[in-house]
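# Overview (structure and organization)
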Amino acid sequence: MSLLLTGGMGYIGSHTVVQLLDLGQDVVILDNLSNASEKVLERIEEITGKQPLFVKGDICNRDDLNRVFTEHQIDAVIHFAGLKAVGESNEIPLSYYHNNVSGSVTLFQAMADHNVKQLVFSSSATVYGEHNLSPLIETMPTSATNPYGKTKLMIENILFDLAKSDSEWSIINLRYFNPIGAHASGLIGENPNGIPNNLLPYVAQVAVGRLELLSVFGDDYDTPDGTGVRDYIHVVDLANGHVKALEKLSALSGCYAINLGTGNGTSVLEIVNTFSSVCGHEIPYQVVPRRAGDIATVFANAEKARSLLGWQAEYDLNTMIEDTWRWQSSNPEGY
Ligand code: WQD
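In this text, all values refer to a predicted model and were calculated from it rather than measured experimentally. (Residues numbered from 1 in each chain as written. Predicted model: local features only at pLDDT ≥ 70, side-chain atom pairs only at ≥ 80, totals over all residues. Heavy atoms only, no water.)

## Re the overall build of the chain
Selection rule: The helix and strand labels rest on DSSP assignments: H or I over at least four residues marks a helix, E over at least two residues marks a strand, and numbering proceeds from the N terminus. Radius of gyration: over C-alpha atoms. The globule rule applied is 2.2 Å multiplied by the number of residues raised to the 0.38 power. Note on definitions: a residue-residue contact is assigned when non-hydrogen atoms from the two residues lie within 4.5 Å. Residue-level accessible areas treat just the shown protein chains as cover; the underlying method is Shrake-Rupley with a 1.4 Å probe. Neither His nor the chain termini are counted; the positive set is Lys and Arg, and the negative set is Asp and Glu. The atom standing in for a charge is NZ when the residue is Lys, CZ when it is Arg, CG when it is Asp and CD when it is Glu.
Per the secondary structure count, the chain includes eleven helices and 13 strands. For a compact globule of 335 residues, the expected C-alpha radius of gyration is about 20 Å, and the chain comes in at 19 Å, within 12% of that figure. In terms of its C-alpha atoms, the chain occupies a principal-axis envelope of roughly 55 × 45 × 40 Å. The long-range share in the chain, meaning contacts at least 24 apart out of those at least 6 apart in sequence, stands at 80%. For the chain, the computed accessible surface area is about 14100 Å², with 47% contributed by carbon and sulfur atoms. Averaged over its 21 positive side-chain charges, the chain has a centre that lies 4 Å from the centre of its 39 negative ones.

Structure below.
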């Protein structure tokens, strides 16, 4: 029996593929390569000695999906595929609603047609909106202010309704906090298209000389050093959280939201200073006005993942940044 990973060639997907292959699982990847490099396949093989089955296709294409479910014995799905840039989602909302929401519905319909009803969904802490105070807990009210976050929330709600309609479904929505870092080999890592939106890839590209200067978006927040505080979690910890969620699915019925975070908050300047000490040189930065939509502090209550999945984050901040630097310095231009 195999696991289907949609978007499995991406940053989090590829790290999850590695953990699953190392555990002896059979993996099928469906990816349209819109935000991933096919070189990831050879890197996964270099790390694990195995090559997952890769199908180039799109979750929006029913025929692509039916082909995968017909040709492979899929018993569970991890759904990573989707567009994920907050800023871009404001510029092209229809692409986000089409790819993320109707693409997900097409996937869920194909799963139902083939009687595959175990699913882990890649959700996001962004569904907590701007009004909840950290530590964020799964019982808090959800909301979203940008099309990207609204698509994640819509898909969560679709899945809650689906599970209510048919008790055979077993679904876990994993709410990621801020994934960073890379596999210790330095062979796979975060490789955003164009100028990075997120902090860590931007800092890493300044450190390796691809970008000149980091802009720190505000130092007037109500935080210890005035800069934004987030819950950064190692991408391998995150991947292991998916493994634990898969293991739990067969014992569950219904739909569950679970945070994947460390429970700790780290500021932008702490990240910059840690990165400087890891890479051995200064990271030039300038403080600029706040970025629209940012809030001061976001970090997880990580208790439910510990009690329900038997999972907790293990890697510390230094390791996250050492692993980031090893990836970026070994691959200055990415894949
Ligand atoms: C982190 C901190 C910025 C860039 C986003 C999405 C979220 C999830 C993770 C997908 C903040 C500051 C950033 C820069 C900076 N993605 N910053 N200069 O905004 O917490 O979350 O990515 O699920 O949905 O919203 O992550 O890395 O963009 O920002 O000062 O060039 O770094 O203000 O305090 P964020 P981020």
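## Some thoughts on the site of the ligand
Heads up, the condition is: Definition of nearness: a residue and a molecule or strand are near each other if at least one heavy atom of the residue lies within 4 Å of the molecule or strand. Two N or O atoms count as a polar contact when they lie within 3.5 Å, although within protein this holds only if one can serve as hydrogen donor and the other as acceptor, and sequence-adjacent residues are included solely when both atoms are side-chain atoms.
In the region of the ligand, 18 residues are neighbours, and Tyr148, Leu199, Ser215, Arg230 and Asp294 sit closest. Between Phe217 and the ligand, the recorded distance is 2.9 Å, taken from a backbone N or O atom to an oxygen atom. Between the ligand and the protein, one listed contact pairs an oxygen atom with a side-chain N or O atom of Arg291 at 2.9 Å. For the ligand, whose accessible area on its own is 680 Å², the fraction buried by protein is 89%. A per-element tally of the shell around the ligand places strand E8 (residues 214-217) first, with four residues.

## Here we look at the packing of helix H5 (residues 93-113) against helix H6 (residues 147-165)
Put simply, the rule is: Here an angle of 0 to 180 degrees is reported between the N-to-C directions of two axes, which are lines fitted to C-alpha atoms, with helices fitted over the stretch in contact. The scheme is simple: roughly parallel for angles under 35 degrees, roughly antiparallel for over 145, roughly perpendicular for 65 to 115, oblique for anything else. Handedness of a helix crossing follows the sense of rotation of the near helix relative to the far helix, less than a right angle counterclockwise being left-handed and clockwise being right-handed.
The interhelical angle for the contact between H5 and H6, taken along N-to-C directions, is 20°, at an axis separation of 9 Å. Accordingly, the angle class assigned to the pair H5 and H6 is roughly parallel. For the element pair H5 and H6, the recorded crossing hand is right-handed. Between H5 and H6, the residues in contact are Pro93, Tyr96, Tyr97, Asn100, Val101, Ser104, Val105 and Phe108 and Pro147, Tyr148, Lys150, Thr151, Met154, Ile155, Ile158, Leu159 and Leu162, respectively.

## Regarding the pattern of salt bridges
What counts, and what does not: Each salt bridge in this description consists of a side-chain nitrogen of Lys or Arg and a carboxyl oxygen of Asp or Glu lying within 4 Å of one another.
A complete count under the given rule lists eleven salt bridges for this structure. Within this structure, Lys117, Asp166 and Glu168 form a network of salt bridges that share partners.

## Considerations on the sheet that holds strand E1 (residues 2-6)
The condition is simple: Only when DSSP finds a minimum of two bridges between them are two strands counted as paired.
Pairing is parallel across the open sheet formed by seven strands, whose spatial order is E3-E2-E1-E4-E5-E6-E11. Each edge of the open sheet is held by one strand with a lone partner, namely strand E3 (53-56) and strand E11 (254-260). Between one strand axis and the next, the sheet turns by 20° as a mean value, whatever way the strands run. Where E1 lies against strand E4 (residues 74-79), five bridges are found, and the strand directions are parallel. Residue pairing across strands places Leu4 opposite Val77, the latter belonging to E4. Relative to E1, helix H1 (residues 11-22) is tilted by about 165°, and along the sheet it contacts E1, strand E2 (26-31), E4 and strand E6 (170-176).

## Focus: helix H11 (residues 317-330)
Our working rule: How far a helix is expected to stretch is found by multiplying one less than its residue total by 1.5 Å. Residue exposure (1.4 Å probe, protein chains only): buried if accessible area is under 20% of the type maximum, exposed if over 50%, otherwise partly exposed.
Here H11 is 14 residues long and its end C-alpha atoms lie 20 Å apart, about the 20 Å a rise of 1.5 Å per residue gives. Buried within H11 we find Met320, Ile321, Asp323, Thr324, Trp325, Trp327 and Gln328. Buried residues in H11 make contact with helix H2 (39-48), strand E7 (178-180), helix H7 (199-207), strand E10 (232-234) and helix H9 (268-279).

## Examining the environment of Ser330
Relative to the assigned elements, Ser330 resides in helix H11. Overall, Ser330 belongs to the partly exposed group, its relative accessible area being 47%. Within the structure, the side chain of Ser330 is placed 2.3 Å from the backbone oxygen of Arg326, a separation counted as a polar contact.

## Comments concerning unusual backbone geometry
Note that the residue after Ser134, namely Pro135, is joined by a cis bond; omega there is 5°. Note that Pro135 resides in the loop between strand E5 (118-124) and H6. Located in the positive-phi region is Leu33, a residue other than glycine, with phi close to 60°. Within the secondary structure layout, Leu33 lies in the loop between E2 and H2. For Leu33, a relative accessible area of 17% gives the class buried. Within the chain, Asn115 stands out as a residue other than glycine whose phi angle is a positive 55°. Relative to the helices and strands, Asn115 is located in the loop between H5 and E5.

The values reported here are purely geometric and, on their own, carry no functional implication.
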